[in-house]
Amino acid sequence: MLKKAFVAGALNLDKNKEYINELNVFPVPDGDTGTNMTLTILSAKREVEAVSDSDMPGIARAMSTGSLRGARGNSGVILSQLLRGFSKKIADEKELDVHVIADAFQKAVETAYKAVMKPKEGTILTVAKGVATKARECADADVSLEQFCEDVIAHGNEVLDRTPEMLPVLKEAGVVDSGGKGLMVVLQGAVDALTGKVVVDETMTAPVVKKTVTGASSNDISTADIKFGYCTEFIINLEKPFDEDEEDKLKAYLESIGDSIVCVAFDGIVKIHVHTNHPGQAFEKGLTYGYLSNMKVDNMRLEHNERLMTSADKEEAEKQEEIRRKKQEKPSKECGFIAVSMGDGLKDLFVELGVDYVIEGGQTMNPSTEDMLNAIDKVNAKNVFIFPNNKNVVLAANQAADLCEDKNVIVMATANAPQGISAMIAYDSTISLEDNKTNMLEAIENVKSGQVTYAVRDTSIDGKTIKQGDIMGLSDKGLLAVGSDIADVAFDVISECYDEDKEIISIYYGSDVTKEDAEKLSERVSEEFPDCDVSLYFGGQPIYYYIVSVE
């Protein structure tokens, strides 16, 4: 019943994600609370579905680890922490009554609040706390499970409806908190399954995304190039200590029987991927550490003929093997860098400044915790700096840093690409790690920035009326300008960010702006602020016509 309730909650969120996206305060075209929460919980759903119906500890663990790995954006990370706390409380229980569920809700809230450095009321956290409080009240009254569910859902929705009174920005925009709504949608789906209003079976699955075939056709690739024929994946659920030495031993064994090794350990599990000619040997080795789940073996030679393994998959596997080989050949450097960014121009800028790995994402797609962990693994350095370059990516980066055990990961809470660029410019390889952190933080704080995009719905923010299709100039702290002309709004944003102490103005134009229009804006800014050095760059970012910074 727990398994079906969780799956139903995940699917209900998936069904309502676009509506939740539209609840974002700023009516920008990248509103992604619903998307982030959905991708987070669907990651857990896949793992839950692979666990036996009678395995309560396994289901709890899958809910926790699946959501932790798949967590995207602030709302997704908070949801994963709620599930983590809930799962810890129920893992050792054989039956869940109202008292256990109330305790689990309380643990969920405690875990989530600890994960957020400065919890803000009127958000998903407030709704979760309201649910937990009502759950404890109902459990103390010893009500039936059905009454418990009804009362808790009703109270949670009441708290959600009050969120605009707690956050003025919600009230002005005329919306409830999107993360809180997402949480209630999950709980409603779970309750509907428990009370029989919906039936969960094998047919209730999320939409299947068709594979995109890229690269050469199947007739162009020879199976003779496949040295190890079986793509083998599984998860080890640890039952004994697994330290760094044991991890090295396991990796060495896997390398002795195959290639394309991925071995990621955290939170009591080890995720394994290996290409080998002897899958059974990989499974047997895994069993020496604990029990296995999510086991999968694909014959790559057969799949080649059926195109189940695309050339892109093979290319990625080869890239991973090449990265692994190079890491073995070269000693670890002192510091490495990861940046999150969208747009070819911004990506090239970060690489030119010395960033080792750029994760594609940010405004339109927040990378997951697992994306961060994979990137960290690919950077051959003792200390790894991460530049999230988006406020909605910082929590996922922090979560990845907490889960990483073999490297010192430093998350620089950059809110946008210009801050990340300034931080990289401030790095000096000749000084200490702590001095670099101090200098980089100072550089970040010195940057004032803004973005120019368009409104996807009517609303009111900071006393300014916004109509669908209007051009908006946004800063990290709020709305700076509204108008009908892209260049005029961009100019107004720069003017708002400027003060007499500033010396450098940088303009990054996006994929929907021509070079000629960007150059006209640059000339206009140079004329208005002759004491500043004005630089124009191709950013190539989607959605945002311009990203600008003044420092």
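A brief look at the structure comes next. (Residues numbered from 1 in each chain as written. Predicted model: local features only at pLDDT ≥ 70, side-chain atom pairs only at ≥ 80, totals over all residues. Heavy atoms only, no water.)

## Considerations on the sheet that holds strand 5 (residues 333-341)
Inference 1: Pairing is parallel in the open sheet, where 4 strands are placed in the order 6-5-7-8. Since the sheet does not close on itself, it has two edges, and those belong to strand 6 (357-360) and strand 8 (408-411), each with one partner. Strand-to-strand twist across the sheet, computed as the mean angle between neighbouring axes with direction ignored, equals 20°.
Inference 2: Two elements, strand 7 (residues 381-387) and strand 8, share 4 bridges in a ladder whose sense is parallel. Residue pairing for strand 8: F385 is matched across the bridge by I410.
Inference 3: Contacting strand 5, strand 6, strand 7 and strand 8, helix 15 (residues 369-378) runs over the sheet at an angle of about 160° to strand 6. (Pairing = 2+ DSSP bridges. Helix = DSSP H or I, 4+ residues; strand = E, 2+ residues; numbered from the N terminus. Axes fitted to C-alpha atoms, helices over the stretch in contact; angles between N-to-C directions. Contact = heavy atoms within 4.5 Å.)

## A word on the packing of aromatic side chains
Inference 1: Summed over all chains, the structure comprises 12 aromatic pairs.
Inference 2: Aromatic side chains F234 and F283 sit 5.1 Å apart centroid to centroid with 65° between the ring planes, which places their arrangement in the edge-to-face category. Remark: F283 occurs in helix 11 (residues 279-287) and F234 occurs in strand 1 (residues 230-238); sequence separation between them is 49 residues. F283 carries the same exposure label as F234, and that label is buried. (Phe/Tyr/Trp six-rings, centres within 6.5 Å; stacked < 30°, edge-to-face > 60°. Buried < 20%, exposed > 50% of the residue type's maximum accessible area, 1.4 Å probe, protein only.)

## Some thoughts on unusual backbone geometry
Inference 1: Phi at D142 takes a positive value of approximately 55°, unusual for a residue other than glycine.
Inference 2: Tracing the backbone through its elements, the reader meets D142 in the loop between helix 6 (124-140) and helix 7 (145-166).
Inference 3: The backbone phi angle of I543 is positive, close to 70°, even though this residue is not glycine.

## Some points on a negative patch on the surface
Inference 1: On the surface, a cluster of negative charge is made up of D243, E244, D245, D248, E405 and D406.
Inference 2: Looking at where D243 falls in the secondary structure, it is placed in the loop between strand 1 and helix 10 (244-257). (Patch = residues over 30% accessible without salt bridge, like charges linked within 9 Å, V, L, I, M, F, W, Y side chains within 5 Å. Areas by Shrake-Rupley, 256 points an atom, 1.4 Å probe, with all protein chains shown as cover. Salt bridge = Lys/Arg side-chain N within 4 Å of Asp/Glu carboxyl O. Lys, Arg positive; Asp, Glu negative; His and termini not counted. Charge placed at Lys NZ, Arg CZ, Asp CG, Glu CD.)

## So, the sheet that holds strand 13 (residues 479-483)
Strand pairs in the sheet, formed through backbone hydrogen bonds, run parallel or antiparallel to each other.
Inference 1: Read across the sheet, 6 strands follow the order 13-12-9-16-14-15 without closing on themselves; strand pairing throughout is mixed. Of all the strands in the sheet, the pair left with one neighbour each is strand 13 and strand 15 (533-538). Going from strand to strand, the sheet's axes swing by 15° on average, the running direction of each strand aside.

## As for the pairing of strand 5
Inference 1: Of all the 9 residues making up strand 5, 7 are buried; the element is thus mostly covered by neighbouring parts of the structure.
Inference 2: By the bridge criterion, 6 bridges tie strand 5 to strand 7 in an arrangement that is parallel. Within strand 7, the residue paired with F337 across the bridge is F385.
Inference 3: Taken together, the 4 bridges between strand 5 and strand 6 define a ladder with parallel strand orientation.

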